[in-house]
Structure formats: structure tokens, C-alpha cells
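Read off the chains here:
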Amino acid sequence: MKETSSHQRFMREAVRLSHEHMSAGRGGPFGAVIVRDGVVIGEGWNQVTSTCDPTAHAEVVAIRRACQALGTHVLKGATIYSSCEPCPMCLASIYWARLDALYFANTRIDAAKIGFDDEFLYREVGLPLDRRAIPTVHLPMSEAEQVFDDWLKKPDKIPY
């Protein structure tokens, strides 16, 4: 029962952040908290309109803050609580950060009902390049290949 009440408590915090900052005009109705060992290590709310940054979604902001606080790009052992099911960008960020678990309150269907429809993006990422809405062209370059070759040989690289 304690674990369930912890999940509820952290989800309530994500929802509180979403409501507080949406009401204050700082962005859309989304909030997120990242927790490790029962402690919030990063929190975020949607800041797309207030920062003029289309990537400043609640989950991405929370990930950035948690990584800064811990001085690492890896959040293994942590869980993210989001007031809404993440969009494809945020979901990818959650995977890149290596979070252990994701809990969300509202679904993407709920979000679509209020004008935040991510279905287009979910469909778009799976399409072949020549069928995407934004023209997407593969333009290979030997210089780009060389950078990758140099990365493979780099002795002090930090893999991620």
C-alpha cells in the first residue's frame, strides 16, 4: 500500500505543477516530476509559450533539471510521473535518459480532446522518409562519415 500511496503522491505533484503553471500563463496543462529513492530530483511544467521553445515540454524540462542536479545524463533508478501520456519527443527523451519507469495520469486521447493531438506525430515517425509530411532527404557525405569514424576511435568518449 505504501508504494501505491507514493505513486499517488508524486502524481499529484505532477498534476499540481501542471495546474499551477498553466493557470499562471506559463504554458500548456502539463507537469512532470522525476523521483529517485523517494526524493524528487527534477520537476518541470510546460514552458513552450513562455520560453518560445517548442521542446520545453514538462517531461523534457524535468529531465534537464534532474540531469543537471545529479551531474549526469543517465537517470537509471529514477521514475517519471507525468500529468499526461508523453508525446513522441518526450517519450524518446525518457528512453534516452534511461528512466526506470513512467507513470501518467491523462491519456493522449484525453489530450486530443482539448486540442493537443499527438497522433499525427506517432504515425509520422513510423513512415518511410519519402512519405513524411516534412520533406526528409538522406544526403550522405564523406565528411559526416569521417566524424563517425573519429568517434569510434576517440579514446576519451563518454558513451550514451
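Small disclaimer: the values here were computed from a predicted structure and weren't measured.

Peer 1: Honestly, helix H4 (residues 88-96) in this entry has me stumped. Any pointers?
Peer 2: Because each turn of an α-helix spans 3.6 residues, side chains separated by three or four positions end up pointing in the same direction. Among the residues of H4, those classed as buried are Pro 88, Cys 90, Ser 93 and Ile 94. For H4, the elements touching its buried residues are helix H3 (58-70), strand S3 (78-84), strand S4 (101-106) and helix H6 (119-124). The positive-phi residue at the C-terminal boundary of H4 is Arg 98, with phi of around 65°.

Peer 1: Help me understand the packing of H3 against H4, please; the structure alone is not making it clear to me.
Peer 2: For any two helices packed against each other, one specifies the inter-axial angle together with the distance between the axes. Running from N to C, H3 and H4 cross one another at 25°; their axes reach a closest spacing of 8 Å. Of the possible angle classes, the one that applies to H3 and H4 is roughly parallel. As H3 packs across H4, the resulting crossing turns out to be left-handed. Only Met 89, Cys 90, Ser 93 and Ile 94 of H4 make contact with H3, whose side of the interface consists of Glu 59, Val 60 and Ile 63. Tallied by class, residues from the contact of H3 with H4 come to five nonpolar, one polar and one charged.

Peer 1: Looking at this structure, I do not really get the nonpolar core. What am I missing?
Peer 2: Ranked by internal contacts, the top residues of the largest apolar core, which has 17 residues, are Ile 34, Ile 41, Ile 63, Leu 75, Ala 78, Ile 80 and Leu 99. Those elements that place two or more of their residues in this core are strand S1 (31-36), H3 and S3. Of the residues forming this core, the biggest block, five residues, is contributed by H3. Not counting residues up to four positions away in its chain, the partners in contact with Ile 41 are Ile 34, Val 35, Arg 36, Arg 65, Ala 66, Ala 69, Leu 70, Leu 75 and Ala 78. Listed in part, the eight residues of the second largest apolar core include Phe 10, Met 11, Leu 17 and Val 33.

Peer 1: Explain the packing of aromatic side chains here, please?
Peer 2: Think of a pair of aromatic rings as described by two things: how far the centres are apart, and how the planes are tilted against each other in angle. As enumerated under the stated definition, the model contains four aromatic pairs in all. Each member of the aromatic cluster is reached from another via a ring pair, and the members are Phe 10, Tyr 81 and Tyr 103. Lying over the aromatic face of Phe 10, Arg 9 brings its terminal NZ or CZ to 4.4 Å of the ring centre.

Peer 1: Before we go on, may I ask you to explain unusual backbone geometry in this structure?
Peer 2: Of all residues except glycine, most have a negative phi; of all peptide bonds, most are trans. Of note, the phi angle at Asp 37 is positive, near 55°, even though the residue is not glycine. Locating Asp 37 in the fold gives a position in the loop between S1 and strand S2 (39-45). Positive phi is not limited to glycine here, since Arg 98 has a value of about 65°.

Peer 1: Quick question: what am I supposed to make of the environment of Ile 34 here?
Peer 2: Structurally, the position occupied by Ile 34 is in strand S1. Taking the C-alpha atoms as reference points, Ile 34 and Ala 101, separated by 67 residues in sequence, lie 9.9 Å from one another. Beyond its immediate stretch of four places on either side in the chain, Ile 34 contacts Val 39, Val 40, Ile 41, Gly 42, Ala 62, Ile 63, Ala 66, Leu 75, Ala 78, Thr 79, Ile 80 and Leu 99.

Peer 1: Sorry, what's going on with the pattern of salt bridges here?
Peer 2: Any two side chains of opposite charge can pair if their charged atoms end up close together. Considering all chains together, one arrives at six salt bridges under this definition. Across the pair Arg 64 and Asp 53 runs a salt bridge, and its minimum N-O distance is 3.9 Å. Taken together, the positions of Arg 64 in helix H3 and Asp 53 in the loop between helix H2 (48-51) and H3 put the pair eleven residues apart, joining distant regions of the chain. Overall, the relative accessible area of 42% leaves Arg 64 in the partly exposed class.

Conventions adopted
- Residues numbered from 1 in each chain as written.
- Predicted model: local features only at pLDDT ≥ 70, side-chain atom pairs only at ≥ 80, totals over all residues.
- Heavy atoms only, no water.
- Buried < 20%, exposed > 50% of the residue type's maximum accessible area, 1.4 Å probe, protein only.
- Helix = DSSP H or I, 4+ residues; strand = E, 2+ residues; numbered from the N terminus.
- Contact = heavy atoms within 4.5 Å.
- Axes fitted to C-alpha atoms, helices over the stretch in contact; angles between N-to-C directions.
- Parallel < 35°, antiparallel > 145°, perpendicular 65-115°, else oblique.
- Left-handed = near helix turned anticlockwise from the far one by under 90°.
- Nonpolar A, V, L, I, M, F, W, Y, C, P; charged D, E, K, R; others polar.
- Core = buried A, V, L, I, M, F, W, Y, C linked by side-chain atoms within 4.5 Å.
- Phe/Tyr/Trp six-rings, centres within 6.5 Å; stacked < 30°, edge-to-face > 60°.
- Lys NZ or Arg CZ within 6 Å of the ring centre and 35° of its normal.
- Salt bridge = Lys/Arg side-chain N within 4 Å of Asp/Glu carboxyl O.

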